[in-house]
Each structure stands twice: as structure tokens, then as C-alpha cells.
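Remarks on the overall topology
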Amino acid sequence: MTSSTLVSSVVLARYAGALVDLAEKAKSVDKVKKDLADIDAMIGVSEDLARAITSPLLSRAEQAQIIADLSKKAKFDKLTQNFLGVLINNRRLNALSGVIKAFNAQVSARAGEVSVRVETAVKMSAAQEKSFQKKIEDALGRGVSMTSEVVPEIIGGTIVTIGSYMVDDSVRRKLERLNVALKSRSNQNAVQNLKEVV
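No experiment lies behind these values; they were computed from the predicted model shown.

Side note on the sheet that holds strand β3 (residues 157–162)
The mixed open sheet is built from 4 strands, whose spatial order is β2-β1-β3-β4. Two strands close off the open sheet at either side, each with one partner strand: β2 (144–150) and β4 (165–170). Direction aside, the axes of adjacent strands within the sheet are offset by 15° on average. Looking at chain direction, strand β1 (residues 114–120) and β2 are connected through 7 bridges and run parallel. The residue of β2 that forms the bridge with Val118 is Ser148. Taken strand by strand, helix α7 (residues 126–140) contacts β1, β2 and β3, and its axis lies near 135° from that of β2.

Observations concerning the pairing of β1
Most of β1 is tucked away, with 5 of its 7 residues classed as buried. You can see the chain leave β1, run along α7 and come back into β2, and the turn it takes is right-handed.

Looking at the environment of Ala50
Locating Ala50 in the fold gives a position in helix α3 (residues 47–54). Separated by 105 residues in the primary sequence, Ala50 and Ile155 place their C-alpha atoms 28 Å from one another.

So, helix α4 (residues 60–74)
Because an α-helix completes one turn every 3.6 residues, residues spaced three or four positions apart along the sequence face the same direction. The first and last C-alpha atoms of α4 sit 21 Å apart over 15 residues, in line with the 21 Å expected at 1.5 Å per residue. Of the positions making up α4, those classed as buried are Gln63, Ile67, Leu70 and Ser71. End-on view of α4: buried residues confined to an arc of 100°, all on one side of the axis. α4 presents Ala61, Lys72 and Lys73 as exposed residues on the side facing more than 90 degrees away from its buried surface. Contacts made by the buried residues of α4 are with α2 (29–45), α3 and α5 (78–89). Phi turns positive one or two residues past the end of α4, at Lys75, with a value near 60°.

Some words on the nonpolar core
Counting residues in each nonpolar core, the largest one holds 30 residues, and the members touching the most others are Ile39, Leu84, Leu93, Leu96 and Phe103. Sort the elements by how many residues they give to this core and helix α1 (residues 9–25) lands first, with 7 residues. Once you skip the residues sitting within four places of it in the chain, Leu84 turns out to touch Ile39, Ile67, Ser71, Phe76, Leu93 and Leu96. Counting 8 residues, the second largest nonpolar core, distinct from the first, contains Val118, Ile136, Val144 and Met146.

Looking at α2
For α2, with 17 residues, the first-to-last C-alpha span of 25 Å sits near the 24 Å given by 1.5 Å per residue. Among the residues of α2, Val29, Val32, Asp35, Leu36, Ile39 and Ile43 are the ones counted as buried. Angularly, the buried residues of α2 cover 130° about the axis, an arc narrow enough to put them on a single face. Within α2, the exposed residues directed more than 90 degrees away from the buried face are Asp30, Gly44 and Val45. In this structure, the buried side of α2 is in contact with α1, α3, α4, α5 and α6 (96–110).

Some thoughts on the pattern of salt bridges
Proximity of charged atoms lets side chains of opposite charge pair with each other. Using the criterion set out here, one finds 11 salt bridges in the structure. The closest approach of N and O atoms between Lys134 and Asp138, which form a salt bridge, is 3.0 Å. Of the two residues, Lys134 and Asp138 both sit in helix α7, 4 residues apart, roughly one turn of that helix. Note on Lys134: relative accessible area 47%, which makes it partly exposed. As a salt-bridge pair, Lys174 and Asp169 come within 3.5 Å of each other at their nearest N and O atoms. You can call Lys174 partly exposed: its relative accessible area is 42%.

Conventions and cut-offs
Residues numbered from 1 in each chain as written. Predicted model: local features only at pLDDT ≥ 70, side-chain atom pairs only at ≥ 80, totals over all residues. Heavy atoms only, no water. Pairing = 2+ DSSP bridges. Helix = DSSP H or I, 4+ residues; strand = E, 2+ residues; numbered from the N terminus. Axes fitted to C-alpha atoms, helices over the stretch in contact; angles between N-to-C directions. Contact = heavy atoms within 4.5 Å. Buried < 20%, exposed > 50% of the residue type's maximum accessible area, 1.4 Å probe, protein only. Right-handed = clockwise from strand over helix to strand, strands pointing away. Expected span 1.5 Å × (residues − 1). Arc of directions from axis to C-beta. Core = buried A, V, L, I, M, F, W, Y, C linked by side-chain atoms within 4.5 Å. Salt bridge = Lys/Arg side-chain N within 4 Å of Asp/Glu carboxyl O.

Spatial relationships are all this shows, so hold off on functional conclusions.
Below, the structure is given as C-alpha cells:
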């Protein structure tokens, strides 16, 4: 279980909604969205940063210094810096990943974009994700907000969820269908053989 899942979705949505409102007023939604994407990517590749953000052992002052240094190097928007400061002061920095997801979802919803979730057995490259998103947008005729998740259990292929509609083109699903077909065929052969004996 990730740290962000320990914080209720209502709280995550409240923080995200407040940030979206402020970003819209400041006309800096795109910049804040990029800042959040950048820090999310940094967390994904740096175990030290991930620990610093989620560790309950670090004080507010220690987390604030780490985030201030990171924000300066990454040239984050002032609004992004202030928002991260609020999370630190409220001891909610451990929920940052969840807040980022909620922020992106709210920005997409307000822009009238369709939410799309793609599951793959292995992580897609940035180019593959961009290409995949473009194909979905072309098919739907509108912009989409796409999130991708690695699910090794599906073995290969993809599972695409658009709203409440799901397209399961995974290898796992194909194997399940093949298994059902083989069992059905086996049962038919058994019945046929019984008829021949009788």
C-alpha cells in the first residue's frame, strides 16, 4: 500500500481542487501540471527523494529544505512551490503522488477530456505512450487524459479502460478464452465418443 492511499480520496480531491482553482486564476495550469509531472518523475527514479517525501521521521523543516532545493533547481512555478509548502506544513507531503493524480484528473475533467487507463505487462516508453494516446484521441475524436500502469500478470498485450468501457486485449485474457474453448471442445468430443459407444 502506498502512502498516498492512506489519505482518503476526499482529502486528495480537496487539495487537488484547491490547486486547480488557484492555477486557473493565475492562468498557470499548464506550468503547474508540468511541475507536478516533473516531481512525480523525479520521485519515480530517486529512492532518496521518495523516502524524503514519505518518511514520517523527517521534520517539516527538513522536508521544506529538500523541496526548496529541488524547486529551485527545477525552476518550479511559485504556485507549485507554495502548494508543496502547504502539504509540508499539514504533514501531507506523503500524499503527493495521490494529489498529483487527483489534480490531473480534475484538470482533464474541466477541459472536457476523456479519462483513459492503459494497463501493460511492461512499462511503455514516453514515445510509445504518446503514440498510444494519439491513436486513442484520433479514434474518439477528442482529447484524452491517459494514465498507464504496469501489470505483469497480464503477460502481454493491453487492457484499455475508457470510462466504464473496457477492452481487454491481454495475453492473459486470450489464454483464458483458449482454455475455455479447449475445455468446450474436449467436452464435445467426450459426448461424441459416448454416443459412438452407445
